[in-house]
Amino acid sequence: MRARSGPTLEHRVLAARLRMMRERAGVPLADAARALDAHPATVRRIERAETGLDARQVEALLARYGVPEAEAASVLARLGAANLPGWWHRWRDAMEPWQFDVIGMESSAGLVRTWHPALVPELLRTPAYAAALHRTAYPDDTAARLERRLELLHERQARLHARGAALWALLPAAALHTDVGGPAVMARQRAALDEAAARVPRLTVQVVPLDHPPHPLTGSPPLHLLRVPAPEIGDRAVVETPGIRIDVFDDPDTVNQHRSRLDAACAAAPPPGTPLPHRC
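Here the structure is a predicted model, which means the values were calculated and not measured. (Residues numbered from 1 in each chain as written. Predicted model: local features only at pLDDT ≥ 70, side-chain atom pairs only at ≥ 80, totals over all residues. Heavy atoms only, no water.)

Visitor: I'd love a proper account of the overall build of the protein, names of residues and values included.
Guide: Within the protein, the regular secondary structure consists of twelve helices and six strands. Once the C-alpha set of the protein is aligned to its principal axes, its extents read approximately 70 × 40 × 35 Å. Among the 280 residues that make up the protein, the fraction classed as buried is 46%. Taking the intrachain contacts of the protein between residues at least 6 apart in sequence as the baseline, contacts between residues at least 24 apart amount to 72%. Put simply, the protein shows about 13,900 Å² of open surface, and 56% of that area lies on carbon and sulfur atoms. Of the side chains in the protein, 35 bear a positive and 32 a negative charge, and the two mean positions are spaced by 1 Å. (Helix = DSSP H or I, 4+ residues; strand = E, 2+ residues; numbered from the N terminus. Buried < 20%, exposed > 50% of the residue type's maximum accessible area, 1.4 Å probe, protein only. Contact = heavy atoms within 4.5 Å. Areas by Shrake-Rupley, 256 points an atom, 1.4 Å probe, with all protein chains shown as cover. Lys, Arg positive; Asp, Glu negative; His and termini not counted. Charge placed at Lys NZ, Arg CZ, Asp CG, Glu CD.)

Visitor: So what about the pattern of salt bridges? Which residues, and what values?
Guide: Taken as a whole and judged by the stated rule, the model has 23 salt bridges. Across the pair Arg156 and Glu106 runs a salt bridge, and its minimum N-O distance is 2.8 Å. Here Glu106 lies in helix α7 (residues 99–106) and Arg156 lies in helix α9 (residues 143–162), a separation of 50 residues in the sequence. The same class applies to Arg156 as to Glu106, namely buried. Between Arg245 and Asp247 there is a salt bridge, with its nearest N and O atoms 2.9 Å apart. When salt bridges that share partners are traced, they join Glu96, Asp141, Arg145 and Arg149 into one network. (Salt bridge = Lys/Arg side-chain N within 4 Å of Asp/Glu carboxyl O.)

Visitor: Before we move on, can you summarise the environment of Asp31 with the specific residues and values?
Guide: Of note, Asp31 is situated in helix α2 (residues 29–36). The exposure class of Asp31 is partly exposed, given its relative accessible area of 21%. C-alpha of Asp31 to C-alpha of Arg64: the two residues are 33 residues apart in sequence and 8.6 Å apart in space.

Visitor: Could you give an account of unusual backbone geometry, naming the residues involved and the relevant values?
Guide: For Ala49, which is not glycine, the phi torsion reads 60 degrees and is therefore positive. Turning to its location among the elements, Ala49 is positioned in the loop between α3 (40–47) and α4 (55–64). Using a relative accessible area of 4% as the deciding quantity, one classes Ala49 as buried. Look at Arg202: it is not a glycine, yet its phi comes out positive at around 65 degrees. Position of Arg202 among the secondary structure elements: in the loop between α11 (183–199) and β3 (203–208).

Visitor: Before we move on, could you go through the pairing of strand β4 (residues 223–227) and cite the residues and values that matter?
Guide: Burial analysis of β4 places four of its five residues in the buried class, the great majority of the element. Of the pairings in the sheet, the one linking strand β1 (residues 111–115) to β4 comprises five bridges and is antiparallel in character. Paired with Thr114 across the bridge in β4 is His224. In the sheet, β4 pairs with strand β5 (residues 236–241) via four bridges, with the strands oriented antiparallel. (Pairing = 2+ DSSP bridges.)

Visitor: Give me the nonpolar core: which residues, what numbers.
Guide: With 36 residues, the main nonpolar core has Leu124, Tyr129 and Leu171 as its most contacted residues. Only α1 (9–25), α7, α8 (127–137), β2 (166–172), α10 (174–177), α11 and β3 provide two or more residues apiece to this core. Of the residues forming this core, the biggest block, four residues, is contributed by α11. Among all residues touching Tyr129, those that are not within four sequence positions of it are Leu119, Val120, Ala175, Val180, Val185, Met186 and Gln189. Formed by 20 residues, the second largest nonpolar core is a distinct cluster that contains Ile46, Leu61, Ala72 and Leu79. (Core = buried A, V, L, I, M, F, W, Y, C linked by side-chain atoms within 4.5 Å.)

Visitor: Would you mind going over the pairing of β1 in detail, with residue names and values included?
Guide: Regular strands place their side chains on alternate faces of the sheet. Counting buried positions along β1 gives four out of five residues, so the element sits mostly inside the fold. Relative to β2, β1 is paired through five bridges, and the arrangement is parallel. Paired with Leu111 across the two strands is Ala166, which belongs to β2.

Below, the structure written as structure tokens:
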């Protein structure tokens, strides 16, 4: 059964280690599955952190892989923490299915890089700006559900700042001209972006002017790159097609392609520290 609230970093790390132990031992998926009297898909789901880590299954796998006693004991000792729900579990009623995995990664990321083609990126939005967008995207939401969504966004922003993670945002100047929520909401959003760019440590904001030439991400959907400080876990690329689907990529080749395009777009944009443009 897939973890209902999405795996934590501890869960992901242990799952990745189980995969590396199997590969180190040269045990095929089918052989590992026989140790559990299960289908190979079960082992694959365990290794992808798509299901809880059952102590009996983990013990059986460690034994099949011939893992030394001390190393196996270390893995088993961490199962309890790995199976605990993440902090975002409290807001699961206000989350979209795709957010479980994405917020799980984001909550441990040491670096978040983000691009949005038309709007202020989510992690830099004020409550009023975010609320106006939510009312457009989810017109049937109740006031209570909207409040829960805003609480979750605030918690994400606060935790990112509290743990000292780096946030690098790239957006077009059109995002600062699009009238979301009315003039007062936009004025506060632009002021908040100015203040954050000037005062928040480890925040980089780049804005592409309206008269700037096209760059490698021009016209591309929202893109987020997440890097966590764990060698077992590779970077993730999250590509949004708003209202349709969210794709999360973890294979290195695909992630590198997205990173290269974001690198090139950032290199083509005015450098960090350039004054943010304002509505004329």
